[in-house]
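# Reading the structure
Here is how the chains run, residue by residue.
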Amino acid sequence: MKKAVVNILNRVPVVLIVIGEALVIYTATAIAKLAFTQLDPLYSVWYRVGFMTLLLLVWRRPWQRAKRDRLFKRSARSWGLVVLLGCALVLMNTMFYVAISNMDMGIAVSIEFIGPLSVAVITGRSWRERLGIGIAAVGVVLLAGISLSNPAGSGSFLIGLIAILIGGSMWGVYIVTGRRVAAGGNSLDNLCIAVTIGWIVQSLFLGVPAVEHVIWPKSDATWALEPGGSFKLLALLFTISLMASFIPYVVEQITLRRTTSGAFSVMQSINPAVAVAVGLVFGEIPGVGELIGVALVIFAVIVTFSGDAAPTKGK
């Protein structure tokens, strides 16, 4: 079964895989926004990261004798990078969920690209990076200005903006530390350990209340309060984690082998557009100015990464 899936992914054009991956991720994310009516975003993201962690542990099994020495006998510097990678990944996901609970998904996805674009500017040497971040900045300012001047919905756009800017910066940290950790080999096993550490840290703050709020759902929940509602909620959260985190990451590992990192990053510029399209299906209708802002970010990503061949990682 595994070989059959890999063979299919090796034959399908990479651009179609990227589009399909984006559709899966943002459909699952839109469903997660619906789940926020039953469980608060911070507790929802604890389950998303937790289920992803458990799936990675079952898949990679880093405790195996053949892996233990090379994975757990490392320098303090190496452990520091792994811990930073895990915490950055978890905080990135946490802030993204806080953001989409306060703003449209397409806008959040667009603004978050400030992270990898900033890394490109810091590490790049060509005109592309500087032009790209300038275009993206205009797009983000346009998105933020329109939304702040015309608040809509029940959330606070300012809170969402702060959250997604933090999340975007953590995406940048994830890219930089991920490169350095991957350079030592065993990237998937190291990611598994990093995510586990990140989830443990996250659990110190969110674990207990997240479990309590599934066992005893909040008072304004609907179907989660019904008999068996807690099990339905857990099943939904597991599905969201599987579709939005675990499967896309595994697929990404295969597709990255078939293309340059620059080409892959350019293809990922479709993500904001897909997020907007999925959001439309779920009732998130952007204005003309917001669509222009999203288009500017997409254009910025294309300009920045169209000449890049250095290793990079998407979310």
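Sequence positions are assigned chain by chain, starting from 1 and proceeding in written order. Only residues with pLDDT of at least 70 get local features here, since the model is predicted, and only at 80 or more are side-chain atom pairs given and counted; chain-wide, interface and lining totals rely on the full set of residues. Heavy atoms from the whole structure form the basis of all side-chain values; hydrogens and water molecules are not counted.

Note on conventions: DSSP H or I runs of at least 4 residues are helices, E runs of at least 2 residues are strands, and numbering of each starts at the N terminus. When helices and strands are tallied, the chain shows 14 helices and 0 strands. Going residue by residue from the N terminus, the α and β elements of the chain occur as α-α-α-α-α-α-α-α-α-α-α-α-α-α. When we talk radius of gyration, it's over C-alpha atoms, and the globule rule is simply 2.2 Å times the number of residues to the 0.38. For 315 residues, the compact-globule formula gives about 20 Å, and the C-alpha radius of gyration of the chain, at 19 Å, lands near that figure. When its C-alpha atoms are laid out on the principal axes, the chain stretches across 60 × 55 × 40 Å. Buried positions account for 51% of the 315 residues belonging to the chain. Charge-centre separation for the chain: the mean point of 25 positive side chains lies 15 Å from the mean point of 14 negative side chains. Accessibility here uses a 1.4 Å probe with only protein chains present; expressed as a share of the type maximum, an area under 20% marks a residue as buried, one over 50% as exposed, and anything in between as partly exposed. Residues scored as charged are limited to Lys and Arg (positive) and Asp and Glu (negative), so that His and the chain ends carry no count. All charge positions are set by atom: Lys at NZ, Arg at CZ, Asp at CG, Glu at CD.

Let us now look at a nonpolar patch on the surface. By definition, no residue in a patch forms a salt bridge, and every one has over 30% relative accessible area; like charges are joined within 9 Å, nonpolar side chains (Val, Leu, Ile, Met, Phe, Trp, Tyr) within 5 Å. Every accessible area reported is derived by Shrake-Rupley at a probe size of 1.4 Å, with residue values counting cover from the shown protein chains alone. For salt bridges, the criterion is a side-chain nitrogen of Lys or Arg within 4 Å of an Asp or Glu carboxyl oxygen. On the surface, Val-15, Leu-16, Ile-19, Leu-23 and Ile-270 cluster together to form a nonpolar patch covering roughly 380 Å² of accessible area. Looking at the nonpolar patch element by element, the count peaks at 4 residues for helix α2 (residues 14-35). Among the structural elements, Leu-23 can be located in helix α2.

A separate point is the nonpolar core. Grouping buried Ala, Val, Leu, Ile, Met, Phe, Trp, Tyr and Cys residues that are joined through side-chain atoms within 4.5 Å yields what is termed a nonpolar core. Core analysis: the biggest nonpolar cluster contains 85 residues, and Tyr-26, Tyr-47, Tyr-97, Ile-164 and Tyr-174 have the highest contact counts within it. Ranked by the residues each element gives to this core, the list is headed by helix α5 (residues 76-100), at 13 residues. When sequence neighbours within four positions are dropped, the list of residues in contact with Tyr-97 reads Ala-32, Phe-36, Pro-41, Ser-44, Val-45, Arg-48 and Ile-240. Core analysis: the next-biggest nonpolar cluster, separate from the first, contains 5 residues, Val-14, Val-18, Leu-256 and Phe-264 among them. In this description, contact between two residues means that some pair of their heavy atoms is separated by no more than 4.5 Å.

Aromatic rings from Phe, Tyr and Trp, with only the six-membered ring used for Trp, were paired whenever their centres fell within 6.5 Å, and each pair was classed as stacked if the ring planes differed by under 30 degrees, edge-to-face if by over 60, and tilted otherwise. Applying the stated rule across the entire model yields 8 aromatic pairs. Seen in terms of ring centroids, Trp-46 and Tyr-47 are 4.8 Å apart; in terms of plane orientation they differ by 85°. Their pairing is edge-to-face. Considered together, Trp-46 and Tyr-47 belong to a single accessibility category, that of buried residues. Chaining the aromatic ring pairs together yields one cluster made of Trp-46, Tyr-47, Phe-51, Trp-199 and Phe-238. Look at NZ for Lys and CZ for Arg. If either is within 6 Å of the ring centre and within 35 degrees of the ring normal, a charge sits over the ring. Over the aromatic face of Trp-59 sits the side chain of Arg-60, whose NZ or CZ is 4.9 Å from the ring centroid. Directly above the ring of Trp-79 sits Arg-74, whose terminal nitrogen or CZ lies 4.9 Å from the centroid.

Moving on to the packing of helix α3 (residues 41-60) against helix α11 (residues 229-255). In this analysis an axis means a line fitted to C-alpha atoms, helices contributing only their contacting stretch, and an angle means the value between N-to-C directions, from 0 to 180 degrees. Put simply, α3 and α11 touch, their axes get as near as 8 Å, and they point 55° apart. Compared by their axis directions, α3 and α11 come out oblique. Our pair here, α3 against α11, has a crossing hand that is right-handed. Across the interface between the two elements, Ser-44, Tyr-47, Arg-48, Phe-51, Met-52, Leu-55, Leu-56 and Trp-59 from α3 touch Leu-234, Leu-237, Phe-238, Ser-241, Leu-242, Ala-244, Ser-245, Phe-246 and Val-250 from α11. Throughout, the ten residues Ala, Val, Leu, Ile, Met, Phe, Trp, Tyr, Cys and Pro are labelled nonpolar, Asp, Glu, Lys and Arg are labelled charged, and all others, Gly among them, are labelled polar. Residue classes in the contact of α3 with α11 are distributed as 13 nonpolar, 3 polar and 1 charged. Oblique is the label for any angle not under 35 degrees, not over 145, and not in the 65 to 115 range, which are roughly parallel, roughly antiparallel and roughly perpendicular in turn. Left-handed describes a crossing whose near helix is turned anticlockwise from the far helix by less than a right angle; the clockwise case is right-handed.

For the rest of this paragraph, the subject is the environment of Ser-203. Tracing the chain through its elements places Ser-203 in helix α10 (residues 187-215). C-alpha of Ser-203 to C-alpha of Ser-169: the two residues are 34 residues apart in sequence and 22 Å apart in space. Leave out the neighbours within four places in its chain, and Ser-203 touches Trp-46 and Val-208. Residues adjacent in sequence count toward polar contacts only when both atoms are side-chain atoms; beyond that, a polar contact is any pair of N or O atoms within 3.5 Å, and within protein one must be able to donate a hydrogen and the other to accept it. For Ser-203, the side chain forms a polar contact with the main-chain oxygen of Trp-199, separated by 2.7 Å.

Once that is clear, we can look at the pattern of salt bridges. Here the structure, examined in full by the defined rule, presents 5 salt bridges. The partner of Glu-284 in a salt bridge is Lys-33, and the shortest N-O contact between them spans 2.5 Å. Placement of the pair is Glu-284 in the loop between α13 (270-281) and α14 (288-305) and Lys-33 in helix α2, with a sequence separation of 251 residues. Residue Lys-33 is classed as partly exposed on the basis of its relative accessible area, which comes to 21%.

With that settled, consider the packing of helix α7 (residues 114-123) against helix α9 (residues 157-182). Put simply, α7 and α9 touch, their axes get as near as 7 Å, and they point 55° apart. In terms of orientation, α7 and α9 fall into the oblique class. The hand of the α7/α9 crossing is right-handed. Between α7 and α9, the contacting residues are Gly-115, Pro-116, Val-119 and Thr-123 on the first element and Gly-168, Trp-171, Gly-172, Ile-175, Val-176 and Arg-179 on the second. Tallied by class, the residues present in the contact of α7 with α9 amount to 5 nonpolar, 4 polar and 1 charged.

The subject of this paragraph is the side chain of Gln-38. Along the polypeptide, Gln-38 turns up in the loop between α2 and α3. The exposure class of Gln-38 is buried, given its relative accessible area of 2%. Within the local environment of Gln-38, its side chain forms a polar contact with the side chain of Thr-37, the two groups lying 3.0 Å apart. Gln-38 has contacts with Lys-218, Ala-221, Thr-222, Trp-223, Ala-224 and Leu-233, leaving out every residue within four places of it along the chain.

On their own, these measurements won't tell you what the molecule is for.
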